[in-house]
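Summary of structural features
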Amino acid sequence: MQQKRHVLTYRGRSEDQRGDKLFAICSFAGPLSERYEIVEAIADRSWQRKADALLGAFRQWRIDADSSLRSHVPAPDTEVVYRRDARLKHLYHIFTRQCTITHPAHGRQEVTLLMATQVDSSPLVRPRLVNPANFLFATRDTGYKTTGLAIAELIDNSLQAGARQVAVDVAATRSPDRQIEIMVVDDGVGMDSDTLAEALTFGGTSRFNDRRSLGRYGMGLPNGALSRSRRVEVYTWRPGVGVLWSRLDIDELVHSGDAALPPVEHIARPAFVPNTGSGTVVRLTRCDRVEYKRSSALARRLKDDLGRIYRHFLADGVSLQVNGQPVVANDPLCLQPGSKITGGRQFGDDLRYEIPAGSTTGTISVTFSELPIDRWHGLSTEEKRTMGVTAGPPVSIVRAGREIDRGWFFMGGKRRENYDDWWRCEIRFDPVLDELFGITHAKQAISPRPELLEIISPDLETIARALNGRVRNRFMLVKAAEPLSAAERQAARAEASLPSLPRGHRPIPDELKEFVEGLSRHDAPYQIAVAELPTMGAFEVVVRDRQIIVLLNTKHPWYRDLYGPLAMSELGRDHDLARQIALTLLASARAEATLRRGAERGHAQTLRQAWADVLATFMNA
């Protein structure tokens, strides 16, 4: 039964001093939680519909502002709020006023009325917030630098769904233009119907603004997919539910003019959906924006990019494949065991910064490494480029274990030089620090804030300059080693005419192990290297697998004042003299290596050290 309304007559003015029409909405005769009493306005009885709409707008405002105000009566003559409602064409000023009314049963009484007056004179135009077709075309230009970065958005979703196996399949279709089709298949927890309905909407996520993992805004799936294709389909399944299917097709939506996605459907399991307990398949068709015409070329590039982006996840046991082939971790610092390229050496300890972020604290960790100049400097330009040595971005930015950018960051006033190709830096940070790093929803670039630069740039610039100097010195040593290589080859030619070395294992001194292990292994009988040794000798002799290794100590005056200047000279006769000096040392080292007894070798080492001490005294005199 419809509840009867009390009709109250407002005996106040129908116009204010400016002549604006006023009308009453309701009286506060009782708590707002009870039934409202509606008032007919003398000013204009035809506005009763507006009174109803304004009453609803006011009630919603009261609830939004503070739920504790639902039963509170505003003080008389107090302005309340400016409010629009979907049923109103104008903007109204809602306020309260103390008035005298006539009640059918109770006669005249003083009450507080909720009043309204129209503020604007022109009709309220309510344009659409988004033009669906234009928005979809515009979002295709989000700016993903590579297809690998776009596909990474889909893999992020897989990893957040708990997937331990993710497969990317790239194939050319049978269409006349041989367009590429891409699928991402995972064994995650899958989605229910409601979650799938939101998965293809922009911002549709149950983890919006979540700072605990890879995603944050719910933009990755539609953004990444549409940046490379015109149609994306999602298949997902859970135990006992079957396969659910949804799609987002740009051409279909433009043609229909619809602003809503098609409903989620239950379908029979397609042949490409694996028979696992749960999981999701994201399928990109009509891929008109990939940078490669051939699917095989795109697959190769994806393996390299994904191996670098997800190197930490791969190290933690996640399986990632492209066209059935495993993706190998690609650590730009060349430190990670099992990486595509290894051989780097960490420089110093990790730097660690604890940064306040609201009510919590975020961590920034920084690791530096040096690349092996001795082993790689002689590679061809093409080999260095393939390995990522030359022109490779030295600094890698990693958020929640996933690389999001690389380049030249946090180096203060230091400009990049060619020597900076030979060291690397990795900066890892927690997602709670996104604002400081200037992360965008595409998760492929950073724009650090000034306060972050002030915290870490001074330290990183200092280390970068130190590494640059070390690389310069190392290349000088490499140049100095050119006569040594000639001496190695000349001595090797005479090796067959010399007595064989005694068999048996000879331990390497602990203080020299790091230097010896850093040298490449080869079958040549001799190897000479230059290093800053922790000993006081002019050179050290080590036998490894029947190879004689001579380590020249750059700290000794013999190297500083005799061999080094000759080896660094631009004159050919100086290089020849340096080669002959190196042969003299090789002869001494080989004679020492022929000693069979440990006591004999100990005496020889003592004599060598005594000779080095006397020589240093003479040359420093």
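As a reminder, the structure under discussion sits directly above these lines.
One structure accompanies this document, and this report is about it.

Let us now look at the overall build of the protein. Scanning the protein for helices and strands turns up 17 helices and 23 strands. Looking at the protein residue by residue over its 621 residues, the buried ones come to 46%. Total accessible area on the protein stands at roughly 31,800 Å², and carbon and sulfur atoms take up 50% of it.

With that settled, the discussion passes to the side chain of S229. Position of S229 relative to the elements: it lies in the loop between helix 5 (220-226) and strand 9 (231-238). Apart from residues lying up to four places away in sequence, S229 is in contact with R140, I250, L284, T285, R286, C287 and D288.

Now for the packing of helix 13 (residues 482-494) against helix 16 (residues 572-593). Closest axis-to-axis distance for the helix 13/helix 16 pair is 8 Å, and the angle between their directions is 55°. On the basis of their axis angle, the class for helix 13 and helix 16 is oblique. In terms of crossing hand, the pair formed by helix 13 and helix 16 is right-handed. Between helix 13, through E482, P483, L484, A486, A487, E488, Q490 and A491, and helix 16, the contact on the second element is made entirely by H575, A578, R579, A582, L583 and L586. Partitioning the contact of helix 13 with helix 16 into residue classes produces 9 nonpolar, 2 polar and 3 charged.

With that out of the way, let us pick up the pairing of strand 21 (residues 526-531). Judged by how many residues are buried, strand 21 sits mostly within the fold: 6 of 6 residues are covered. Residues of strand 21 alternate between two faces, with Y526, I528 and V530 on one and Q527, A529 and A531 on the opposite face, all of them buried. Where strand 21 meets strand 23 (residues 547-553), 6 bridges bridge the pair, whose relative direction is parallel. Counterpart to V530 in the pairing with strand 23 is L552.

In this structure, F410 takes a positive phi of about 60° despite not being glycine. If you trace the backbone, F410 turns up in the loop between strand 19 (402-407) and strand 20 (423-429).

A word on the environment of H603. Positionally, H603 belongs in helix 17 (residues 598-620). The spatial distance from the C-alpha of H603 to the C-alpha of E592 is 9.8 Å, given a sequence separation of 11 residues.

Take the sheet that holds strand 13 (residues 319-322) next. With mixed pairing, the 8 strands of this open sheet are ordered in space as 11-10-9-12-8-7-13-14. Either end of the sheet is taken by a strand with one partner, and the two such strands are strand 11 (265-267) and strand 14 (325-326). The pairing of strand 9 with strand 12 (residues 279-287) spans 7 bridges and is antiparallel. Each bridged residue has a counterpart across the sheet, and for W237 the counterpart in strand 12 is G279. Here helix 3 (residues 147-160) sits on the sheet in contact with strand 7 (165-172), strand 8 (180-186), strand 12 and strand 13, set at roughly 25° to strand 8.

Applying the stated rule across the entire model yields 43 salt bridges. Put simply, E426 and R311 hold a salt bridge, and the shortest N to O gap is 2.6 Å. Within this pair, whereas E426 is found in strand 20, its partner R311 is found in helix 8 (residues 311-315), the two being separated by 115 residues in sequence. E426 gets classed as buried once you look at its relative accessible area, which sits at 5%. With a closest N to O distance of 2.7 Å, E426 and R428 form a salt bridge. Linked by salt bridges that have partners in common, E181, R230, R231, E233, R247, D249, D251, E252, E265, R283, R286 and D288 make up one network.

Glancing now at the packing of aromatic side chains. Summed over the entire model, instances satisfying the criterion amount to 13 aromatic pairs. Following the ring pairs from residue to residue traces out a cluster consisting of F409, F410, F429 and F437.

What follows concerns the sheet that holds strand 22 (residues 539-544). Taken in spatial order, the 3 strands line up as 21-23-22 in an open sheet, and their pairing is mixed. Bordering the open sheet on either side are strand 21 and strand 22, each of which pairs with just one other strand. On average, each strand axis in the sheet is tilted by 20° relative to the strand beside it, whichever way the strands run. Alignment of strand 22 against strand 23, held across 6 bridges, turns out to be antiparallel. By the bridge assignment, V542 is partnered in strand 23 with I549. Strands in contact with helix 14 (residues 510-517) are strand 21, strand 22 and strand 23; relative to strand 22, the strand with the most contacts, it is inclined by about 70°.

What counts, and at which threshold
Residues numbered from 1 in each chain as written. Predicted model: local features only at pLDDT ≥ 70, side-chain atom pairs only at ≥ 80, totals over all residues. Heavy atoms only, no water. Helix = DSSP H or I, 4+ residues; strand = E, 2+ residues; numbered from the N terminus. Buried < 20%, exposed > 50% of the residue type's maximum accessible area, 1.4 Å probe, protein only. Areas by Shrake-Rupley, 256 points an atom, 1.4 Å probe, with all protein chains shown as cover. Contact = heavy atoms within 4.5 Å. Axes fitted to C-alpha atoms, helices over the stretch in contact; angles between N-to-C directions. Parallel < 35°, antiparallel > 145°, perpendicular 65-115°, else oblique. Left-handed = near helix turned anticlockwise from the far one by under 90°. Nonpolar A, V, L, I, M, F, W, Y, C, P; charged D, E, K, R; others polar. Pairing = 2+ DSSP bridges. Salt bridge = Lys/Arg side-chain N within 4 Å of Asp/Glu carboxyl O. Phe/Tyr/Trp six-rings, centres within 6.5 Å; stacked < 30°, edge-to-face > 60°.

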